[in-house]
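Take a look at the letters that make up each chain.
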Amino acid sequence: EEMYLHYHGLLLPKETHSLESLKFVQEFTFEDEDVVTVTYPKSGTAWMQEILPLLLNDGDLTPIQTIPNWDRAPWLEEKRLAVVVDQLKSPRALVTHFPYRLMPHSFHASKAKVIYVMRNPMDVMVSSYYFHQMAAFLQDPGTFEEFMDKFLEGRVLFGKWTDHVKGWRHTDLGDRIMYITYEEMVQDLPAALRRMSDFLGRKLSDEVIQKIAEHCSFKTMKTNNMSNFSLVPKIYMDSDKSPFLRKGVAGDWKNHFSSEQQAKFTSVIRKDLEKESFSLPWSLD
Ligand code: A3P
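Values in this document were obtained by computation on a predicted structure and should not be read as measured data.

### Some thoughts on the packing of helix 7 (residues 121–134) against helix 8 (residues 144–153)
- At their nearest, the axes of helix 7 and helix 8 sit 10 Å apart, and the two run at 120 degrees to each other. Overall, the two elements helix 7 and helix 8 adopt an arrangement that is oblique. Our pair here, helix 7 against helix 8, has a crossing hand that is right-handed. When helix 7 is examined against helix 8, the residues P121, V124, M125, V126, S128, Y129 and H132 are found in contact with a partner set consisting of F144, F147, M148 and F151.
- Split by residue class, the contact of helix 7 with helix 8 holds nine nonpolar, two polar and no charged.

Here it is in structure tokens:
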């Protein structure tokens, strides 16, 4: 466990997080123009790091060709933010895995907007399982079955998936928050980009939307060194074990779950959400 910090019930990798970085978040001053993408890990964060700055700069490709994704739309809670924060241009793009309850005071006081991206938890778990194999700063996931138990109990990075979703479903943010799914983005990226740009109040032509969609496709991102994490030294992330941009599809869980595992997974998720009024946008069978 010592690879991780324990912070308000969450496990956070020490490689990227510190008590100083967490204090920095609490003292961070949000601006009204800021836009934050919120995700549970492995739900499409890097994808949104590609998309969001392009939606906010009218499709200017310079940043995605010259700046690594983690500096284009930095993580609110990670050490790196303090280093790059002064270089961010307004409107700023940020990402976070934080649960709603840990968002800092200035976020609530501001008009900053949120795009919450949710992904089928079975695909999240599969993606996370491979990520734990390739990332040296994360604990070995053990067997698929063992990792599944940890995931369902919330003994994983940023806690339980259902807690994250529940927290961000019950906010008092009103029209400051929009919900989208990874699956919706996979199915029709230009339409998803249009929905996001409307929410952000950006007026973008169909050509610009199309151009952004091309540059944010799985194929293009996979070959862009500024987007595929190949600038991270191999000792931290070993893409020979599993590439960061691994498959980029919806439904890969079908290649990994036995029917018993699926039944168990589904029943735990359903139980965690049984008192909830919202329903999940995918069937878990
Ligand atoms: P897979 O492991 O299922 O391929 P995060 O950035 O939150 O860690 O999420 C990583 C997941 O998002 C990985 O899923 C990765 O392949 C996927 N992803 C990243 N960019 C994508 C894109 N342009 N299109 C589809 N999926 C993408």
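Let us keep going from here.
### A closer look at the nonpolar core
- Membership of the largest hydrophobic core comes to 98 residues, with the highest contact counts inside it found for I51, I115, W161, M185 and M196.
- It is helix 2 (residues 45–56) that contributes the most residues to this core, eight residues altogether.
- Beyond its immediate stretch of four places on either side in the chain, I51 contacts M185, L189, L193, M196 and C216.

### A word on helix 14 (residues 259–272)
- In a regular helix each residue adds 1.5 Å, so 14 residues correspond to 20 Å; helix 14 covers 20 Å between its end C-alpha atoms and thus fits that length.
- Those residues of helix 14 that fall on the buried side of the exposure criterion are Q261, Q262, F265, T266, I269 and D272. One side of helix 14 carries all its buried residues, which in axial view fall inside an arc of 130 degrees. For helix 14, the exposed residues lying more than 90 degrees away from the buried face are S259, E260 and K271.
- Looking at the buried residues of helix 14, the elements they touch are helix 7, helix 8 and helix 9 (161–169).

### Observations concerning the UniProt feature "domain: Sulfotransferase" (unreviewed entry) in the protein chain
- Here the UniProt feature "domain: Sulfotransferase" (unreviewed entry) sits at residues 32–274.
- Helix makes up 46% of residues 32–274 and strand makes up 8%, while its end C-alpha atoms are separated by 35 Å.

### A short note on the packing of helix 8 against helix 14
- With their axes 11 Å apart at the nearest point, helix 8 and helix 14 run at an angle of 5 degrees to one another. Relative to helix 14, the element helix 8 is oriented roughly parallel. Of helix 14, the residues touching helix 8 (which contributes F144, E145, M148, D149, F151 and L152) are Q261, K264, F265, V268 and I269.
- When its residues are assigned to classes, the contact of helix 8 with helix 14 shows seven nonpolar, one polar and three charged.

What counts and how
- Residues numbered from 1 in each chain as written.
- Predicted model: local features only at pLDDT ≥ 70, side-chain atom pairs only at ≥ 80, totals over all residues.
- Heavy atoms only, no water.
- Axes fitted to C-alpha atoms, helices over the stretch in contact; angles between N-to-C directions.
- Helix = DSSP H or I, 4+ residues; strand = E, 2+ residues; numbered from the N terminus.
- Parallel < 35°, antiparallel > 145°, perpendicular 65-115°, else oblique.
- Left-handed = near helix turned anticlockwise from the far one by under 90°.
- Contact = heavy atoms within 4.5 Å.
- Nonpolar A, V, L, I, M, F, W, Y, C, P; charged D, E, K, R; others polar.
- Core = buried A, V, L, I, M, F, W, Y, C linked by side-chain atoms within 4.5 Å.
- Buried < 20%, exposed > 50% of the residue type's maximum accessible area, 1.4 Å probe, protein only.
- Expected span 1.5 Å × (residues − 1).
- Arc of directions from axis to C-beta.
- UniProt positions renumbered as here; feature names shortened; annotations may be inferred.

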